[in-house]
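Architecture at a glance
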Amino acid sequence: MTAPAQPVDQFDLVIFGGTGDLAVRKLLPAMFHRFADGQILEGSRIIGVAREALDDDGYRNQIRSALNGAAESHPGKVDAFLKQVHYRSLDARKDDGWDDFAKLMGKCPDHVRVFYLSTSPDLFVDICQRLGHYGLNKCESRVVLEKPIGHDLASANRINDDVGSVFAESQTFRIDHYLGKETVQNLLALRFGNALFEPLWNAGHIDHVQITVAETLGVGRRGPYYDHAGALRDMVQNHMLQLLCMVAMEPPASLSPDAVRDEKLKVLHALKPIDDSNASQLTVRGQYRAGAAEGRSVPGYIEDLNADSKVKVEKSNTETFVALKAEIGNWRWSGVPFYLRTGKRLADRVSEIVVAFKPVPHSIFTASAGPLAQNRLVLRLQPDEGVKLWLTIKHPGPGGLRLRHVPLDMSFAEAFGVQQPDAYERLLLDVVRGNPTLFMRRDEVEAAWRWADPILAAWAGSGEAPRPYTSGTWGPSAAVALIERDGRTWDEDFE
Ligand code: BG6
């Protein structure tokens, strides 16, 4: 039996970029689920803000159609939810409408106000300055910044300084939705709630770690953003480094926000630099070409970029795939490679962390028993969240002692009979409750950029184009070579 969800106190959530893809596809459905579960009390308001001229009803209609699937599981709750949804048309760079918006927000209400900036980072500063001008940063106000925070360390610092001149660090929630995924939080439970793993969680017993975040989709309509970002900025600098930190951090003294974030920061500081002296051996970047994904033929990256754009491009140096070998220079992880790979239009949609243990030091079995395989702990983030522990056992029955490698397999959905909540459901309510444990502190973002910037500089300096790969494959063959050079292979046991 799952414990009933506790309601959160009344709040206002303002979503800048309220008609954008993230708001419509993720944030509003996340709030609907929390509402349907009884966690959002009457009187709370969700206010979409964007430039589009819409009224409350026009916005509600957009949201109603975006909720479709979610609404089916909670018939009858959609209308009540939509009553709490409002809309204001505002331009961050123009005065019109801001006076009214400030009135709507009230001077210093006795409830929490959350301003979620689901916009391009170029607008973060304008929006925050306006909020500050109207005193909306005062009292119980919080600001949520969507990634990417900047384009590199210098631009991230500028954004953080400017936002920081309006909102204190304690009011600033830098969201990385991977930290809200159930499996990622489960990593904390597995590592620090079981006596079993921690003694083995080090270079003495772990051979290597793999983190894969593979997507089958291409860049879709996000081409203009993506072509300026690329996979390293879009996925590695934030989501994948955060996953790496959760695997590699020392046990924090408690789950208090700073205890956890201090430990993650130490990992980021201990990452060995990748720069122009070693980037060509430690990294591979790729870009998808036309191919087949999920049973249909799909265009290449350049065609995707040109599909929606008036200005056509013939080539781009942006990577849609990255594989790299990271190392953490500290006692616990010395010599243990962390292989990271992520890409668009790959063979499967799957995100996994694989912790591969060292082989047993001596085999007592004869060759006829079959090979001894490594124990692996696989934490599946998607599609079907769960944990698998690969063990060696005897093949049952007569016929001599033959070894088999089998998983202890737990799918969270099957084991608990509940649909796993979307990461945003958890994180949005954490902001309302004022719990920043699963949000990135400024120094973490900076440390992540400090590691990523030299990689980007090395790629730019090399003048090499990303390696082409066919859509529907696992990326360029050089990514396979990257890990095979070390006598290892990518885990591709994704059933
Ligand atoms: C976003 C990236 O942060 O994460 C996208 O900008 C990516 O490019 C997405 O597709 C992946 O999230 P998820 O939860 O679908 O794995």
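Since the structure is predicted, the reported quantities are computational estimates derived from the model, not experimental observations.

With that settled, the discussion passes to the overall build of the chain. When you go through the chain residue by residue, the secondary structure sums to 16 helices and 17 strands. Radius of gyration (C-alpha) of the chain: 24 Å, near the 23 Å computed for a compact globule of 495 residues. Once local pairs closer than 6 in sequence are excluded, the contacts in the chain between residues at least 24 apart make up 77%. Carbon and sulfur atoms form 53% of the exposed surface of the chain, whose accessible area is close to 22100 Å². Between the averaged position of the 57 positive side-chain charges in the chain and that of its 65 negative side-chain charges there is a distance of 1 Å.

As a further point, take the sheet that holds strand β17 (residues 467–470). The strand order β16-β15-β14-β13-β7-β12-β11-β8-β17 describes an open sheet built from 9 strands, whose pairing is mixed. Each edge of the open sheet carries a strand with a single partner, namely β16 (403–411) and β17. Shown here is a sheet whose adjacent strand axes are inclined to one another by a mean of 20°, direction ignored. Taken together, the 5 bridges between strand β14 (residues 376–382) and strand β15 (residues 386–394) define a ladder with antiparallel strand orientation.

Our next topic: unusual backbone geometry. A negative phi angle is the norm for most residues apart from glycine, just as the trans form is the norm for most peptide bonds. Going from lysine 147 to proline 148, the amide bond is cis rather than trans, its omega being -5°. Structurally, proline 148 can be placed in the loop between β5 (141–145) and α6 (153–164). Note the cis peptide between glutamine 382 and proline 383, where omega equals 10°. Tracing the backbone shows proline 383 in the loop between β14 and β15. One non-glycine residue, cysteine 139, lies in positive phi territory at about 60°.

With 149 residues, the main nonpolar core has Phe16, Phe81, Phe101 and Phe338 as its most contacted residues. With 12 residues, helix α9 (residues 231–248) is the largest single contributor of residues to this core. Residues in contact with phenylalanine 101, not counting those within four places in the same chain, are Val14, Phe16, Val49, Arg88, Leu90, Phe115, Leu131 and Leu136.

Moving on to the site of the ligand. Taken together, the residues surrounding the ligand are Lys147, His177, Tyr178, Lys181, Glu215, Arg222, Asp234, Met235, His239, Lys344, Arg349 and Gln382. Contact distances for the ligand include 2.5 Å between an oxygen atom and a side-chain N or O atom of aspartate 234. Take lysine 344: an N or O atom from its side chain is 2.7 Å from an oxygen atom of the ligand. For the ligand, the protein covers 84% of the area, taking 390 Å² as the surface of the free molecule. Per-element tally for the shell around the ligand: the top contributor is α9, with 3 residues. Across the shell around the ligand, the residue classes tally to 2 nonpolar, 3 polar and 7 charged.

Cut-offs and rules
- Residues numbered from 1 in each chain as written.
- Predicted model: local features only at pLDDT ≥ 70, side-chain atom pairs only at ≥ 80, totals over all residues.
- Heavy atoms only, no water.
- Helix = DSSP H or I, 4+ residues; strand = E, 2+ residues; numbered from the N terminus.
- Rg over C-alpha atoms; globule rule 2.2 N^0.38 Å.
- Contact = heavy atoms within 4.5 Å.
- Areas by Shrake-Rupley, 256 points an atom, 1.4 Å probe, with all protein chains shown as cover.
- Lys, Arg positive; Asp, Glu negative; His and termini not counted.
- Charge placed at Lys NZ, Arg CZ, Asp CG, Glu CD.
- Pairing = 2+ DSSP bridges.
- Axes fitted to C-alpha atoms, helices over the stretch in contact; angles between N-to-C directions.
- Core = buried A, V, L, I, M, F, W, Y, C linked by side-chain atoms within 4.5 Å.
- Buried < 20%, exposed > 50% of the residue type's maximum accessible area, 1.4 Å probe, protein only.
- Near = heavy atom within 4 Å.
- Polar contact = N/O pair within 3.5 Å; in protein donor to acceptor, adjacent residues only side chain to side chain.
- Nonpolar A, V, L, I, M, F, W, Y, C, P; charged D, E, K, R; others polar.

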